[in-house]
Structure formats: structure tokens, C-alpha cells
Amino acid sequence: MDIHNIMEEQVYSRINELYDKLKQDNASWLSCDCENCRLDTVSYVLNRIQPKYVVSGRGATYFSDVLRNSQLNADIDALGIEGIRLVNSAKRPYHNVARDKCVEAEVNFPRFDFPTFQGVVMDGSSFEPLSDAAVTLRLDGEIAEMKDITWANPCRTFKTSKGAYSFWVKSIPAEKDGELKKFPFTLEITAEGYAPVAYSFEVPLTSESTDKGKFNMTYALKIQDLFMFRADIENPME
């Protein structure tokens, strides 16, 4: 199916206009308008407005009046400015590197492609998501390289993302298609005032030459929720 959210073009276009206008006006608080910062802002806005899905060109025509709605565009502008300020105040590492230089190049030789790893860090006493925890992913004891360098390792958890973290490990060459191998990973988590946590797991993979270079949420491994306890509180699970 060719399903498309037509709000993507609307938001993408307007965010670029806002960045260009702010840059032209020499806004003192605008410290960067690189491609990655602009895309982060587009993502911020799209996650906060109602999508408009279409399957055909006729559907796009049906929504043409909606896209010209002044209130909708005012909402996009307000969220856009809010997003630009947030993105500029907490820029990603490597944010100013061109997108084609950030992602691992497509290859056609046998390799092990990893799913994205997704998990949540929780406060063991309140069972609430824990923010400002540092999460490090290690492979065979070494910090795992990411497929996309804008995915930080170590990364931090945030209140807005409810303690969630994610990793996308760089693929590893194999000798041939169909090779089976288990990869040992360890998550190390630290947070101020909390006892550190380490969690180990294995990921079995079969090598193949089919490219999985594009991010795909369906190819993901959900890590069990990990609980942290304050250093002055005894962990009842031990």
C-alpha cells in the first residue's frame, strides 16, 4: 500500500521557511540551522499535529482546503518556533554533519544487520520513568558503534520521552549468507543518586546480503524494563 501523510510536505516546507526567516533576521537565539536540526524540528512538529493520510492523488485534492486552513498553519508555526528553540538548546552530537555522511553506506556483501534496541529505565521505588539516566550499550565489552552516528552511545533518558532509550548498532561483515552467530551485549546504566545497573543479553542473527539500511520500527528488539534504585535504598529484588 502507498499510504502517505500529506502533513509531511506541509510541515517540512513551513519549517524551512521559518528557519530561513529567522536566519535572515539574525535571531540571536538561533545557533544552528543545519539539515539535521531542521529535520529534528520537522519531526517535533509532526509528532504534535493530527496526521492526514491519503492513498491516492484524489485524497490529496480532498485535503487541499484543510492545508490552507489559517488555524492549522498558525499551529504549525507556533509548534515550529517551539521546536526550533528546543532543538537549538539541545543539539544532537554530529548535528551539523551532512545526512549522507551520518548513515552507514549501503553494501551488498553478507553481513549481520541488527534490529533497533528499545527500552525504558524506571525508578524502582515509584515505578515511574526515570529521566537523565546515562545508558551505554557494549558489544563484547566495547562500546557498540551505531549505524547512524547521530544515535548517541552513551545516550540519555528524558522526561519528555518517558525514560525511553534506543540504539541502532552498525552491521558486522560475515563470511557468507546464512551464517548463524550470537552477539553478546551489555547495557550499563548510571544516574545521579542511583545505584548503577548492568543488564546482559544475547542477540542471535543470520547473515544475509539483503540491505536493511533504512530505519524500520518493525525490525526492533524490545528490552525488558530496567529498574534503578536510589543508592541509599536496598533493592528488594536482590
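Keep in mind that this is a model prediction, so the values were computed, not measured.

Visitor: I'd like a rundown of the packing of helix α2 (residues 35-46) against helix α5 (residues 70-89), residues and numbers included.
Guide: Between α2 and α5, the shortest axis-to-axis distance is 9 Å and the interhelical angle comes to 130°. Judged by the angle between their axes, α2 and α5 are oblique. Like other packed secondary-structure pairs, α2 and α5 cross with a definite hand, here right-handed. On α5, the residues touching Cys-37, Asp-40, Thr-41, Tyr-44 and Val-45 of α2 are Ile-76, Leu-79, Gly-80, Glu-82, Gly-83, Ile-84, Leu-86 and Val-87.

Visitor: Describe the environment of Gly-119, with residues and values.
Guide: Relative to the elements of secondary structure, Gly-119 occurs in strand β4 (residues 116-123). Judged by relative accessible area, Gly-119 falls into the buried class, the value being 4%. With 104 residues separating them in the primary sequence, Gly-119 and Ile-223 have C-alpha atoms 4.9 Å apart. When neighbours within four sequence positions are excluded, Gly-119 is seen to be in contact with Gly-163, Ala-164, Tyr-165, Lys-222 and Ile-223.

Visitor: Pulling in residues and values, what's your account of the packing of helix α1 (residues 7-24) against α5?
Guide: Contact pair α1 / α5: the axes reach a minimum separation of 10 Å and the direction vectors enclose 60°. The orientation of α1 relative to α5 falls into the category oblique. Two packed elements cross with a definite hand, and for α1 against α5 that hand is right-handed. For the pair α1 and α5, the contacting residues are Met-7, Gln-10, Val-11, Arg-14, Ile-15, Leu-18, Tyr-19 and Leu-22 in the first and Leu-72, Asn-73, Ile-76, Asp-77, Gly-80, Ile-81, Ile-84, Val-87 and Asn-88 in the second. Per-class residue counts for the contact of α1 with α5 are 11 nonpolar, four polar and two charged.

Visitor: Now, about the packing of aromatic side chains: what can you tell me, with residues and values included?
Guide: In this structure the tally under the stated criterion is 10 aromatic pairs. Seen from their ring centres, Phe-117 and Phe-185 are 5.0 Å apart, and the 80° between their planes marks the pair as edge-to-face. Placement of the pair is Phe-117 in strand β4 and Phe-185 in strand β10 (residues 180-190), with a sequence separation of 68 residues. Grouping residues by exposure puts Phe-117 and Phe-185 together as buried.

Visitor: So what's going on with the state of the cysteines? Which residues, and what values?
Guide: Taken as a whole, this structure holds zero disulfides when the rule is applied. Here Cys-32 stays unpaired: no disulfide links it, and the sulfur of Cys-34, its closest cysteine neighbor, is 3.5 Å away.

Visitor: Explain the environment of Phe-158 to me, using residue names and the numbers behind them.
Guide: Inspection of the secondary structure assignment puts Phe-158 in the loop between β7 (155-156) and β8 (164-168). Linking Phe-158 and Val-121, residues 37 residues apart in sequence, is a C-alpha distance of 10.0 Å. Ignoring any residue separated from it by four or fewer positions in sequence, one finds Phe-158 in contact with Ser-131, Asp-132 and Gly-163.

Thresholds applied
Numbering of residues starts from 1 in each chain and follows the order in which that chain's sequence is written. Given that the model is predicted, a residue must reach a pLDDT of at least 70 before its local features are reported, and side-chain atom pairs must reach 80 or more before they are shown or counted; all residues, however, enter totals for whole chains, interfaces and linings. Hydrogens and water are ignored here; the side-chain numbers use all heavy atoms of the structure. Simply put, an axis is a line fit to the C-alpha atoms, just over the touching stretch for a helix, and the angle between two N-to-C directions goes from 0 to 180 degrees. The helix and strand labels rest on DSSP assignments: H or I over at least four residues marks a helix, E over at least two residues marks a strand, and numbering proceeds from the N terminus. By the definition adopted for this analysis, an angle is roughly parallel if under 35 degrees, roughly antiparallel if over 145, roughly perpendicular if from 65 to 115, and oblique otherwise. Left-handed is the label given to a crossing in which the near helix is rotated counterclockwise from the far helix by less than a right angle, and right-handed is the label when the rotation is clockwise. We call two residues contacting when some pair of their heavy atoms lies within 4.5 Å. With a 1.4 Å probe rolled over the protein chains alone, any residue whose accessible area is under 20% of its type maximum counts as buried; one over 50% counts as exposed, and the rest are partly exposed. In the scheme used here, Gly and all other residues not listed as nonpolar or charged are polar, with Ala, Val, Leu, Ile, Met, Phe, Trp, Tyr, Cys and Pro taken as nonpolar and Asp, Glu, Lys and Arg as charged. For this analysis, a ring pair means two rings from Phe, Tyr or Trp (six-membered ring only for Trp) whose centres lie within 6.5 Å, classed as stacked if their planes differ by under 30 degrees, edge-to-face if by over 60, and tilted for the remaining angles. A pair of sulfur atoms, both from cysteines and within 2.5 Å, is called a disulfide here.

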